[in-house]
Amino acid sequence: MRMTELAGTQVPVIGQGTWRMGEVRGERKREVAALQRGIELGLTLIDTAEMYGEGGAEEVVGEAIQGRREQVFLVSKVYPHNASQRGVPAACERSLRRLGTETIDLYLLHWRGPHPLEETVEAFERLREQGKIRRWGVSNFDVDDLEELGEPACATNQVLYNPEARGLEFDLLPWQQRHGMPLMAYCPVGQGGRLLRHPALLEIAERHGATPAQVALAWATRQPGVIAIPKAVDAEHLRQNAGAAGLRLDETDLARIDAAYPPPTRKHRLEMV
Ligand SMILES: NC(=O)c1ccc[n+]([C@@H]2O[C@H](COP(=O)([O-])OP(=O)(O)OC[C@H]3O[C@@H](n4cnc5c(N)ncnc54)[C@H](OP(=O)(O)O)[C@@H]3O)[C@@H](O)[C@H]2O)c1
């Protein structure tokens, strides 16, 4: 697995998302097994949030990492409405309980909400001092939000990034690269939708003996400091996603993607799902 640095530690460039897990009780066994299989394949960064399945996804993750906690880099997120002085530690305690762990490796503010950023940061810093989290970061922040935050301690910004949503290449990605802040790309395979049926991705995939999802993941992680977190329950999807870390796109491939999905030439509003 190809690795990259995130706030002083090595993490795989491809991890595992968990949105939509923990929503249906009957699916739990499959989801736990998928996360465990992913860990075995080297997808050891796991992204979750108190929002996913209203705690259900964190419970699935907790079950999956039992006995293998030290192999995993665990990311979770606090709801914006909980991101106050008192709300953050309470939400974090609930997440720790569901995850069955003593500490979260990276704790993110899911998106900007009603509470002042300084309040959230103070609460994060206190959790860090107490060892309940190792680092903190943000999600769905655009350049102006990051500048307002003005915090070198912010370990990452997790945002929507794939060929269909590449407006952030104009300003946000260069900003993060200049500041040495890794970008965590969510929906990197376009939620398994029409991106994976685009002729450009199909052609490139065929040329490399790969799949369109692998092309999308290789594309997102082609540049330094980008980590992709596809969610997959299907065993074949997991195998492909782990394999994508070894796929290198060449100039011809990148030009084909640029022709299909032109790079931004002006500022775009940050996209979110
Ligand atoms: N911070 C935020 O606001 C935010 C927002 C959205 C997402 N996220 C995080 O980012 C993660 C990824 O985003 P996402 O789940 O929305 O979208 P995604 O990872 O782009 O797509 C997931 C979908 O694609 C399918 N898939 C996965 N690998 C595939 C492959 N190799 N070939 C074909 N299909 C494949 C999955 O199917 P199966 O499950 O059936 O395998 C699932 O239906 C989330 O799970 C979550 O952890 C964060």
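What counts as what
- Residues numbered from 1 in each chain as written.
- Predicted model: local features only at pLDDT ≥ 70, side-chain atom pairs only at ≥ 80, totals over all residues.
- Near = placed C-beta within 6 Å.
- Helix = DSSP H or I, 4+ residues; strand = E, 2+ residues; numbered from the N terminus.
- Nonpolar A, V, L, I, M, F, W, Y, C, P; charged D, E, K, R; others polar.
- Core = buried A, V, L, I, M, F, W, Y, C linked by C-beta atoms within 7 Å.
- Buried ≥ 20, exposed ≤ 12 C-beta atoms within 10 Å, placed from the backbone.
- Contact = placed C-beta atoms within 7 Å.
- UniProt positions renumbered as here; feature names shortened; annotations may be inferred.
- Pairing = 2+ DSSP bridges.
- Axes fitted to C-alpha atoms, helices over the stretch in contact; angles between N-to-C directions.
- Parallel < 35°, antiparallel > 145°, perpendicular 65-115°, else oblique.
- Left-handed = near helix turned anticlockwise from the far one by under 90°.

The chain appears in an unreviewed UniProt entry as Putative oxidoreductase/MSMEI_2347 from Zestomonas carbonaria.

Asker: Break down the site of the ligand for me, with residues and values.
Answerer: The full set close to the ligand counts 27 residues, and G17, Y186, G192, A213 and K231 are the nearest of them. The greatest single-element share of the shell around the ligand, amounting to three residues, is contributed by helix α9 (residues 235–243). Taken together, the residues of the shell around the ligand break down into twelve nonpolar, twelve polar and three charged.

Asker: Before we move on, can you summarise the nonpolar core with the specific residues and values?
Answerer: Counting 82 residues, the largest nonpolar core has Y107, A185, A216, L217, I227 and A228 as the members making the most contacts within it. It is helix α8 (residues 212–220) that provides the largest number of residues to this core, a total of seven residues. What Y107 contacts, discounting residues up to four positions off in sequence, is S76, V78, C92, F124, L127, I133 and W136.

Asker: Could you give me a rundown of the UniProt feature "site: Lowers pKa of active site Tyr" (unreviewed entry) in the chain, with the residues and numbers involved?
Answerer: UniProt's feature table lists "site: Lowers pKa of active site Tyr" (unreviewed entry) at K77, given in the numbering used throughout. For K77, a count of 27 C-beta atoms within 10 Å corresponds to the buried category. Contacts of K77, omitting those with residues within four sequence positions, involve A49, E50, M51, L108, H110 and S139.

Asker: Residues and numbers for the pairing of strand β2 (residues 9–12), please.
Answerer: As judged from the four bridges shared by strand β1 (residues 3–6) and β2, these two strands associate in the antiparallel manner. Among the inter-strand pairings, E5 is bridged to a residue of β2, identified as Q10. Where β1 folds back on β2, the antiparallel hairpin that results is connected by two residues, among which A7 adopts a positive phi of roughly 40°.

Asker: Outline the pairing of strand β8 (residues 183–186), listing residues and values.
Answerer: The alternating pattern of β8 places L183 and A185 and M184 and Y186 on opposite faces, both of which are buried. Note that strand β7 (residues 157–160) and β8 share four bridges and pair parallel. From the neighbouring strand, Q158 faces β8, where its bridge partner is M184. As judged from the three bridges shared by β8 and strand β9 (residues 226–228), these two strands associate in the parallel manner. Each residue of the ladder has a partner; that of A185, found in β9, is A228.

Asker: Would you mind going over the packing of helix α7 (residues 199–208) against α8 in detail, with residue names and values included?
Answerer: It is at 8 Å that the axes of α7 and α8 come closest, and there the two elements cross at 95°. With respect to α8, the axis of α7 lies roughly perpendicular. Residues L201, L202, I204 and A205 of α7 form the contact with α8, whose participating residues are P212, Q214, V215 and A216. When the residues that make up the contact of α7 with α8 are grouped by side-chain class, the tally is seven nonpolar, one polar and no charged.

Asker: Kindly report on the packing of helix α1 (residues 28–40) against helix α2 (residues 56–65), identifying the contributing residues and their values.
Answerer: Each packed pair of helices is defined by two parameters, the angle between the axes and the distance between the axes. It is the contact of α1 with α2, at a shortest axis distance of 9 Å, that shows an interaxial angle of 55°. What the angle tells us is that α1 and α2 run oblique. α2 is crossed by α1, and the crossing has right-handed handedness. Of α2, the residues touching α1 (which contributes R28, E31, V32, L35 and Q36) are V60, V61, E63 and A64.

Asker: Now, about the sheet that holds β7: what can you tell me, with residues and values included?
Answerer: Strands sit in the order β3-β4-β5-β6-β7-β8-β9 across an open sheet of seven strands; the sheet is parallel. Either end of the sheet is taken by a strand with one partner, and the two such strands are β3 (45–47) and β9. Ignoring which end each strand starts from, the neighbouring axes of this sheet average 25° apart. Sheet topology note: the strand β4 (residues 73–78)/strand β5 (residues 106–109) ladder contains four bridges and is parallel. In the sheet register, V78 faces β5, and the bridge partner there is L109.

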